[in-house]
Amino acid sequence: MQNKFRTVDEITITNTLSATEDSTASTVAMKLLLTSFQVMPVLDHSGKVIGKVTEMDLLKALKASNDLKAVRVSEIMSTAPPVVTSELPLEQAIGIIDANRLTQLPVMKNGRFIGSVTRHDLLRAWLGVWVDHERGSYNEVIG
C-alpha cells in the first residue's frame, strides 16, 4: 500500500499534551487519564523537551508518597525521548519509534513544540484514513 503522506508535518497530530517541569504529578495524571495517552513530554520554560512522564512514573510516585499534588514533574520524569522536527519523513519517524520502543515522538516546528506524533497517527496516515472513535467509523483521507 502506497503511503499518502511524506512527512510528519503533512499529517494530523492528535496528541498536543505537554507539561512543564513545575507541573504537579496530579495534574499530569488527570490529563493522561482524560485522554487515554500513556506518556507526556515535559518542557522547560523555553519550550525545550527535557523529559517525559509516563504512567509508570506516576504509579511509582504514588507508591512512594501517595500524594501526587505534592510531587513536581521534575522529581519523577524520565529521560527525554528523541525529539523530531515536523519535516521528518514518516518512514524515519516509524523507525525512531520502533528502535526506541516508544508510543510517540515529540515534534518541533519552527523551534516550538507542536505535539507528539503517535503510532496511531502514523498508522492512520499511512492507511490514509481518519478514524471517528465516537461513531466507530472511518473515512478515507484524500492525500
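You'll find the structure just up there.
Residues numbered from 1 in each chain as written. Predicted model: local features only at pLDDT ≥ 70, side-chain atom pairs only at ≥ 80, totals over all residues. Heavy atoms only, no water.

Novice: Explain the sheet that holds strand β2 (residues 39-43) here, please?
Specialist: Either a parallel or an antiparallel arrangement is found when strands of a sheet pair, and the pairing is made through backbone hydrogen bonds. Spatial strand order, β1-β2-β3-β4: four strands in an open sheet with mixed pairing. Each edge of the sheet is formed by a strand with only one pairing partner; in this case those strands are β1 (19-20) and β4 (78-79). Packed on one face of the sheet, helix α1 (residues 25-35) meets β1, β2 and β3 (49-54) and runs near 140 degrees to β2. The strands touched by helix α2 (residues 55-65) within the sheet are β3 and β4, with β3 carrying the most contacts at an inclination of about 65 degrees. (Pairing = 2+ DSSP bridges. Helix = DSSP H or I, 4+ residues; strand = E, 2+ residues; numbered from the N terminus. Contact = heavy atoms within 4.5 Å. Axes fitted to C-alpha atoms, helices over the stretch in contact; angles between N-to-C directions.)

Novice: Would you mind showing me how to read α1 here?
Specialist: Within α1, the full set of buried residues consists of A25, S26, V28, A29 and L32. Mapping the buried residues of α1 onto a view down its axis gives an arc of 160 degrees, with all of them on the same face. Backbone geometry just after α1 places S36 at a positive phi near 70 degrees. (Buried < 20%, exposed > 50% of the residue type's maximum accessible area, 1.4 Å probe, protein only. Arc of directions from axis to C-beta.)

Novice: Explain helix α5 (residues 119-127) here, please?
Specialist: Turn by turn, an α-helix covers 3.6 residues, leaving residues three or four places apart pointing in a common direction. All of the buried residues along α5 are D121, L122, R124 and A125. Across the axial projection of α5, the buried residues extend over an arc of 165 degrees, all falling on one side.

Novice: Help me understand the sheet that holds strand β5 (residues 84-85), please; the structure alone is not making it clear to me.
Specialist: Read across the sheet, three strands follow the order β5-β6-β7 without closing on themselves; strand pairing throughout is mixed. A strand with exactly one partner marks an edge of an open sheet, and here the two such strands are β5 and β7 (112-118). Two strands pair when backbone bridges link them, and strand β6 (residues 104-109) and β7 are joined in this way by six bridges, in the antiparallel orientation. The residue of β7 that forms the bridge with M108 is F113. The strands touched by helix α4 (residues 90-99) within the sheet are β5, β6 and β7, with β6 carrying the most contacts at an inclination of about 135 degrees.

Novice: Please clarify how unusual backbone geometry should be interpreted in this entry.
Specialist: Backbone geometry follows two general trends: most residues other than glycine have a negative phi, and most peptide bonds adopt the trans configuration. Its identity as a non-glycine residue notwithstanding, R101 has a phi of 50 degrees, on the positive side. Within the element layout of this structure, R101 appears in the loop between α4 and β6. For N110, which is not a glycine, the phi torsion comes out positive at approximately 55 degrees. Along the chain, the position of N110 falls in the loop between β6 and β7. Residue class for N110 comes out exposed when judged on its relative accessible area of 72%.

Novice: Would you mind going over the pattern of salt bridges with me for this structure?
Specialist: Oppositely charged side chains can pair when the atoms bearing their charge come close. Following the criterion strictly, the structure yields three salt bridges and no others. With a closest N to O distance of 3.1 Å, E10 and R6 form a salt bridge. Residue classification places R6 among the exposed residues on the basis of a relative accessible area of 61%. The residue K109 makes a salt bridge to D9 at a minimum N-O spacing of 3.0 Å. Here K109 is found in strand β6, whereas its partner D9 is found in the segment before β1, with 100 residues between them in sequence. Assessed through its relative accessible area of 37%, D9 is described here as partly exposed. (Salt bridge = Lys/Arg side-chain N within 4 Å of Asp/Glu carboxyl O.)

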